[in-house]
Amino acid sequence: MSDGINCFVGDNGEGKTNLLDAIYYMSFCKSFYSTPDSQNIKHGEPFFVIQGEYERNGQTELIYCGVKAGQKKQFKRNKKDYSKLSEHIGLLPVVVIAPFDELLIADGAEERRKYADSVISQCDHNYLNMLMNYNKLIQQRNALLKQMQEQERHDFSLLDVIDMQLGNYGTAISASRTSFIEKLKPILQNYYMSISSGREVAEMNYISGLQRYDLYEGLIESRNRDLALGYTSRGIHRDDIEFKLDGYPIRTTGSQGQRKSFAIALKLAQFSYLTENIGFKPILLLDDVFDKLDSKRGDNLISLVASGEFDQIFITDTNRHRLEGILEKANKDYRIFNIANGSASPN
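For the structure given in this document, a descriptive report is provided here. Within each chain, residue numbers correspond to sequence positions counted from 1 in written order. Where totals are concerned, whole chains, interfaces and linings use all residues; where local detail is concerned, this predicted model gives features only for residues with pLDDT of at least 70, and gives and counts side-chain atom pairs only at 80 or more. Hydrogens are left out, water is left out, and the side-chain values use all remaining heavy atoms of the structure.

### Things to note about the nonpolar core
Core analysis: the biggest nonpolar cluster contains 71 residues, and F180, F262, L268, L284, L286, F290 and V305 have the highest contact counts within it. Looking at which element gives the most residues to this core, the answer is helix 5 (residues 157-196), with 12 residues. To form a nonpolar core, buried Ala, Val, Leu, Ile, Met, Phe, Trp, Tyr and Cys residues must be joined to one another through side-chain atoms within 4.5 Å. Think of it in three bands: residues with accessible area under 20% of the maximum for their type are buried, residues over 50% are exposed, and the middle band is partly exposed, with areas taken using a 1.4 Å probe on protein chains only. If you look at the next biggest cluster of nonpolar residues, it comprises 30 residues, including F28, I50, I89 and F314. Under the DSSP-based scheme used, a helix requires at least four consecutive residues in state H or I and a strand at least two consecutive residues in state E, with every element numbered from the N terminus.

### Describing the layout of surface pockets
In this model, the largest pocket occupies a volume close to 1400 Å³. As for the largest pocket, its lining consists of 42 residues, of which K30, K114, Y115, D117 and S118 are closest to the centre. Its residues assigned to classes, the lining of the largest pocket shows 20 nonpolar, 10 polar and 12 charged. Grid points spaced at 1 Å and placed over the protein atoms alone form the basis of the search, with a cavity being a set where a 1.4 Å probe fits but cannot get out and a pocket an open set showing protein on both sides within 12 Å along at least five of seven lines. Lining residues have an atom within 4 Å of a point. Grid points are joined across faces, edges and corners, and a volume is the space filled by probe spheres set on the points. In this structure, the second largest pocket spans a volume of roughly 680 Å³. Lining the second largest pocket are 25 residues, and of these E53, Y54, E55, I283 and Q312 lie nearest its centre. Those elements that place two or more of their residues in the lining of the second largest pocket are helix 1 (16-28) and strand 2 (47-56). Amino acid classes used here: Ala, Val, Leu, Ile, Met, Phe, Trp, Tyr, Cys and Pro are nonpolar; Asp, Glu, Lys and Arg are charged; the rest, including Gly, are polar.

### Some points on helix 4 (residues 125-151)
To estimate the expected span of a helix, count its residues, drop one, and scale the result by 1.5 Å. In a regular helix each residue adds 1.5 Å, so 27 residues correspond to 39 Å; helix 4 covers 39 Å between its end C-alpha atoms and thus fits that length. Pairs of residues are marked as contacts when any of their non-hydrogen atoms sit within 4.5 Å. Looking at the packing, one finds that the buried side of helix 4 touches helix 3 (109-123), helix 5, helix 6 (215-221) and helix 7 (223-229). Here a polar contact is recorded for every N or O atom pair within 3.5 Å, except that within protein the pair must consist of a potential hydrogen donor and a potential acceptor, and residues adjacent in sequence are included only if both atoms are side-chain atoms. One side-chain oxygen of the residue at the start of helix 4 lies 3.0 Å from the amide nitrogen of N126, identifying that residue as D124. Note on helix 4: the residue one or two positions beyond its end, E152, has a positive phi of about 55°.

### Section: the packing of helix 3 against helix 5
Here an angle of 0 to 180 degrees is reported between the N-to-C directions of two axes, which are lines fitted to C-alpha atoms, with helices fitted over the stretch in contact. It is at 10 Å that the axes of helix 3 and helix 5 come closest, and there the two elements cross at 90°. In terms of their interaxial angle, helix 3 and helix 5 are classed as roughly perpendicular. Side by side, helix 3 and helix 5 meet where R113, Y115, A116, D117, V119 and I120 of the first sit next to S176, R177, F180 and L184 of the second. Grouping the amino acids of the contact of helix 3 with helix 5 by side-chain chemistry returns 6 nonpolar, 1 polar and 3 charged. Should an angle lie under 35 degrees it is considered roughly parallel, over 145 roughly antiparallel, and from 65 to 115 roughly perpendicular; all remaining angles are considered oblique.

### Description of the packing of aromatic side chains
Where two aromatic rings form a pair, the distance of their centres and the angle of their planes describe that pair. Only Phe, Tyr and Trp rings are paired, with Trp represented by its six-membered ring, and only when their centres lie within 6.5 Å; those with planes under 30 degrees apart are stacked, over 60 edge-to-face, the remainder tilted. Under the definition given, this model contains 12 aromatic pairs. Here F8 and F314 contribute two aromatic rings whose centre-to-centre distance is 6.1 Å and whose plane-to-plane angle is 5°, an arrangement assigned as stacked. Within this pair, whereas F8 is found in strand 1 (residues 5-9), its partner F314 is found in strand 11 (residues 313-317), the two being separated by 306 residues in sequence. Summarising the burial analysis for this pair, F8 and F314 share the class buried. The rings of Y24, F28, F32 and F100 are connected pair by pair, giving a single aromatic cluster. A ring is scored as having a charge over it whenever the NZ atom of a lysine or the CZ atom of an arginine sits within 6 Å of its centre and within 35 degrees of its normal. For K76, the ring lying beneath its charged end belongs to Y64, and the centroid distance is 5.6 Å. Lying across the ring of F156, R223 places its NZ or CZ 5.2 Å from the centre.

So, in C-alpha cells, the structure goes:
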C-alpha cells in the first residue's frame with residue numbers, strides 16, 4: 001500500500017466498493033451503505049472477518065471484526081474486546097465521498113441530521129452518548145403517549161420526568177449542532193469554489209425549533225397535540241440543515257453539477273473539521289466519483305486531494321486510462337491495483 005493514493009480499478013461488480021466499505025466498517029462498526037450485517041456475509045458462508053493494521057499517532061493499532069449469523073458482533077482493539085461498540089467510534093476517522101452523496105441534498109431531513117451527528121460523534125463521545133440517550137427517551141415517550149391514548153388516562157407524572165431529561169439532552173445536542181454548522185460554513189464555501197471554479201456562495205444553516213422555544217416548555221405545550229398524534233412532534237429529532245447557493249435552496253434550484261460539487265465540498269469540509277478537532281488526518285475514500293464529474297471538476301478534485309492537506313487516500317474507478325490521466329497531474333505518490341473476483345493485485 002502507498003502512504004499516498006491507492007487506486008483500485010476494475011469492472012462493476014468485482015468488489016471495489018466492498019473493499020472501501022470494509023475500511024469504513026473498521027472505523028464505524030457498520031457498513032457505509034446501511035446494509036444489515038447479515039447481508040454482508042457471503043452467500044453460503046457462516047461468517048465474515050475483517051482485520052486491519054493502522055498507524056495512529058505513532059502507535060500500531062490492530063483492529064479485528066467478526067460477524068457470525070445470529071450471534072453478537074465481535075470488535076477488538078489490540079486483541080481486547082470492546083465493552084460497547086460506541087467506544088470505538090472516532091478512533092480511526094474516515095471520510096467517504098460516494099456517488100449518492102447528493103442524497104444528502106435531495107433526501108429528507110433525517111439524512112442531514114444523521115450526517116451532522118456522525119461527524120460530531122467522531123470528535124465528541126459525550127455527544128454520542130447524549131444522542132443515544134435522547135433517542136431512547138423519544139422512544140419511551142412515544143410508547144407512553146400511545147399507551148395513554150389507548151387507556152384514555154392522562155397521568156403526566158412520568159411524562160414530566162421524561163420531558164425534563166429530553167429538554168436537557170436536546171438543548172445540549174442543539175448547541176453542538178449549531179457550533180458544528182457555524183464552523184463548517186466557511187470551509188464549505190472555500191472547497192466549493194475550488195471544485196466548481198465558480199463564484200456562487202455556498203452556505204448551510206441549521207434549522208431548529210429550539211431557535212424559537214425552550215424544549216422542555218415546548219414539550220409541555222405540545223402534550224395534548226402529541227397525545228392525539230401518538231408521537232412527539234417537537235424536539236431536535238425534527239431539525240434540518242438547509243443547503244443554499246447564492247441564497248437559494250440548492251435542492252430545488254441547483255444543477256446536477258452544482259449539487260455534485262456541493263456534496264463533495266461538504267465531505268472535504270468534514271475532513272478539515274475532523275482533522276482540526278481530532279488532531280490527525282482521517283483516511284479519505286473516493287468511491288467512483290470521477291465517473292460522475294466532468295473533466296474540469298475531476299481535475300480540480302484530484303488537485304485538492306493530492307495536496308499536502310490529505311494523507312492516505314483510497315480511490316475506486318472503472319476506467320484505468322481516465323484515472324491514470326488524472327493522477328499523472330497530481331504531485332503525490334500513488335499505486336494502482338487491479339480488482340477482479342474480489343481480489344486485488346498490484347500493477
